[in-house]
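Structural description and commentary
Read off the chains here:
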Amino acid sequence: MDLRIFTEPQQGATYDTLLTVAKATEDLGFDAFFRSDHYLKMGSVDGLPGPTDAWITLAGLARETRRIRLGTLMTAGTFRLPGVLAIQVAQVDQMSGGRVEFGLGAGWFEEEHKAYGIPFPKEKFGRLEEQLAIITGLWETKLGETFDFQGEHYTLTGSPALPKPAQDRIPVIIGGHGAIRTPRLAARYADEFNMPFASIEDSERQFGRVREAVREAGRRPEDLVYSNALVVCVGRDDQEVARRAAAIGREVDELKLNGLAGSPAEVVEKIGRYQEAGSQRIYLQVLDLHDLDHLELISAEVQSQLS
């Protein structure tokens, strides 16, 4: 079971804070550092000092880390043109020496689009399908050849399809709860399927849908990684759990129901149940980015038991 650190910088974090967490992620033996792609805070937090851009952040971290994988859950398809995004991601992959993983979603938070003047189209899923076709098509086009695409939303003509990533194939992550279109999209493009903030039962059901869609697409279900993203709140005792829950404005009982919360033993047991449902990787949503002791505890007493 891989454990990855997943951050939500729109809730309030500087680049320096993210760099500190990414370095701790690497030093403590976690597999990867991921971040969200949002420009507006959510909930009652002040969000200060303001948003940081996902791919600018990852470019900086690419030069400051050596081992961990780097990526997004999920890059918002509404924020960037697909040709430009393909260039950005390929460049960060080069800068990291081939450690990027690319999560792409349709985009959903309308308020942040209004706040920063970003168009928010009604039809987002069709755009997402074309974006995946364009981005992967550009990366896969052989050197010296050109790439063309004619779609409803995007047209590319005679693209040199440059630059190329450092990796032969950047892993593509697709996720979501949709019962029909999402599994089919994952079957066509994904190397990993992620279930965000879902119960064990819902995860098992959706993983089954994706596996069936993958079979129908002529691929092997085991060729994909199946993962979850879950909020984490671990403490050595009840008081420490309660303190960490209060620091992120959540209730302990709610966190235990909807995430990974409690003692290390409780969290290991629940991760085991997700594993039984088919999950192979957990993205730990860490909301208090200044509590590095939390990461140390998870590394020492949760990750060590799952190795």
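Conventions we followed
- Residues numbered from 1 in each chain as written.
- Predicted model: local features only at pLDDT ≥ 70, side-chain atom pairs only at ≥ 80, totals over all residues.
- Heavy atoms only, no water.
- Helix = DSSP H or I, 4+ residues; strand = E, 2+ residues; numbered from the N terminus.
- Rg over C-alpha atoms; globule rule 2.2 N^0.38 Å.
- Buried < 20%, exposed > 50% of the residue type's maximum accessible area, 1.4 Å probe, protein only.
- Contact = heavy atoms within 4.5 Å.
- Areas by Shrake-Rupley, 256 points an atom, 1.4 Å probe, with all protein chains shown as cover.
- Lys, Arg positive; Asp, Glu negative; His and termini not counted.
- Charge placed at Lys NZ, Arg CZ, Asp CG, Glu CD.
- Core = buried A, V, L, I, M, F, W, Y, C linked by side-chain atoms within 4.5 Å.
- Salt bridge = Lys/Arg side-chain N within 4 Å of Asp/Glu carboxyl O.
- Expected span 1.5 Å × (residues − 1).
- Arc of directions from axis to C-beta.
- Polar contact = N/O pair within 3.5 Å; in protein donor to acceptor, adjacent residues only side chain to side chain.
- Axes fitted to C-alpha atoms, helices over the stretch in contact; angles between N-to-C directions.
- Parallel < 35°, antiparallel > 145°, perpendicular 65-115°, else oblique.
- Phe/Tyr/Trp six-rings, centres within 6.5 Å; stacked < 30°, edge-to-face > 60°.
- Lys NZ or Arg CZ within 6 Å of the ring centre and 35° of its normal.

With respect to the overall build of the protein chain
When helices and strands are tallied, the protein chain shows 11 helices and 12 strands. Its C-alpha radius of gyration of 19 Å places the protein chain within 12% of the 19 Å reference for a compact globule of 307 residues. Burial analysis of the protein chain (307 residues in total) assigns 54% to the buried set. Considering only contacts in the protein chain between residues 6 or more positions apart, those separated by 24 or more positions represent 72%. Accessible surface, the protein chain as shown: approximately 13800 Å² in total, 49% of it carbon and sulfur. Of the charged side chains in the protein chain, 34 are positive and 46 negative; the average position of the first set lies 4 Å away from that of the second.

Section: the environment of leucine 224
Secondary-structure assignment places leucine 224 in the loop between α7 (200–216) and β10 (225–234). Classification of leucine 224 as buried rests on a relative accessible area of 1%. With 32 residues separating them in the primary sequence, leucine 224 and lysine 256 have C-alpha atoms 28 Å apart. Discounting residues that sit within four places of it in the chain, leucine 224 has contacts with Ala186, Ala190, Asp191, Glu192, Phe193, Val210, Val214, Arg219 and Gln280.

Looking at the nonpolar core
Formed by 75 residues in total, the largest nonpolar core has its most connected members in Trp55, Phe102, Leu284 and Val302. Excluding residues within four positions of it along the chain, tryptophan 55 makes contact with Thr72, Thr75, Arg80, Leu85, Val89, Val92, Val100, Glu101 and Phe102. Among the nonpolar cores identified, the runner-up in size contains 7 residues, and Phe6, Ala32, Ile173 and Ala229 belong to it.

Some points on the pattern of salt bridges
For the structure shown, the criterion picks out 22 salt bridges. A salt bridge links aspartate 37 to arginine 80, with the nearest nitrogen and oxygen atoms 2.8 Å apart. Residue aspartate 37 is found in the loop between β2 (32–35) and α2 (54–64), and its partner arginine 80 is found in the loop between β4 (75–76) and α3 (82–96); the two are separated by 43 residues along the sequence. Judged by relative accessible area, aspartate 37 falls into the buried class, the value being 1%.

Re α3
Over its 15 residues, α3 runs 21 Å from end to end, which matches the ideal 21 Å to within 8%, given 1.5 Å per residue. Within α3, the full set of buried residues consists of Pro82, Leu85, Ala86, Val89, Ala90, Val92, Asp93 and Ser96. Down the axis of α3, the smallest arc covering the buried residues is 160 degrees, so these residues share one side. Of the residues flanking the end of α3, it is glycine 97, one or two places downstream, whose phi is positive at about 75 degrees.

As for unusual backbone geometry
Omega for the peptide link from leucine 48 to proline 49 comes to 10 degrees, which places this bond in the cis form. Inspection of the secondary structure puts proline 49 in the loop between β2 and α2. Not every positive phi belongs to a glycine, and alanine 161 is a case in point at roughly 60 degrees. Positionally, alanine 161 belongs in the loop between β7 (155–159) and β8 (172–175). Assessed through its relative accessible area of 3%, alanine 161 is described here as buried. The phi angle at phenylalanine 197 is positive, at roughly 55 degrees, despite the residue not being glycine.

Brief notes about α2
Buried within α2 we find Ala54, Trp55, Thr57, Leu58, Ala59, Leu61 and Ala62. Close packing links the buried residues of α2 with α1 (15–27), β2, β3 (69–72), β4, α3 and β5 (100–105). At the N-terminal end of α2, a side-chain oxygen is found 3.1 Å from the backbone nitrogen of tryptophan 55, two or three residues along, and the residue is aspartate 53.

Considering the environment of valine 252
Relative to the helices and strands, valine 252 resides in helix α9 (residues 252–258). C-alpha separation for the pair valine 252 and proline 9, spaced 243 residues apart in sequence, amounts to 22 Å. What valine 252 contacts, discounting residues up to four positions off in sequence, is Val241, Ala242 and Ala245.

Here's the deal with the packing of helix α5 (residues 125–140) against helix α6 (residues 181–189)
Look at α5 against α6: their axes get within 11 Å of each other, and the N-to-C directions meet at 5 degrees. With respect to their mutual orientation, α5 and α6 come out roughly parallel. Here Phe125, Gly126, Leu128, Glu129, Leu132, Ala133 and Thr136 of α5 lie close against α6, whose contacting residues are Arg181, Thr182, Leu185 and Tyr189.

Observations concerning the packing of aromatic side chains
Applying the stated criterion across every chain, the model contains 8 aromatic pairs. Between the aromatic rings of tryptophan 55 and phenylalanine 102, the centroid separation amounts to 6.3 Å while the plane-to-plane angle is 50 degrees, which identifies the pairing as tilted. Residue tryptophan 55 is located in helix α2, and its partner phenylalanine 102 is located in strand β5; the two are separated by 47 residues in the primary sequence. Where phenylalanine 207 meets tyrosine 226, the ring centres are 5.6 Å apart and the plane angle is 65 degrees; that geometry is what we call edge-to-face. With phenylalanine 207 in helix α7 and tyrosine 226 in strand β10, this pair connects stretches of sequence that are 19 residues apart. For the pair shown, phenylalanine 207 and tyrosine 226 are each scored as buried. Within the aromatic cluster, the residues linked to one another by ring pairs are Tyr39, Phe79 and Tyr116. The ring of tyrosine 226 has arginine 211 lying over it, and the distance from NZ or CZ to the ring centre is 4.3 Å.

Any functional reading would require information beyond the geometric quantities listed.
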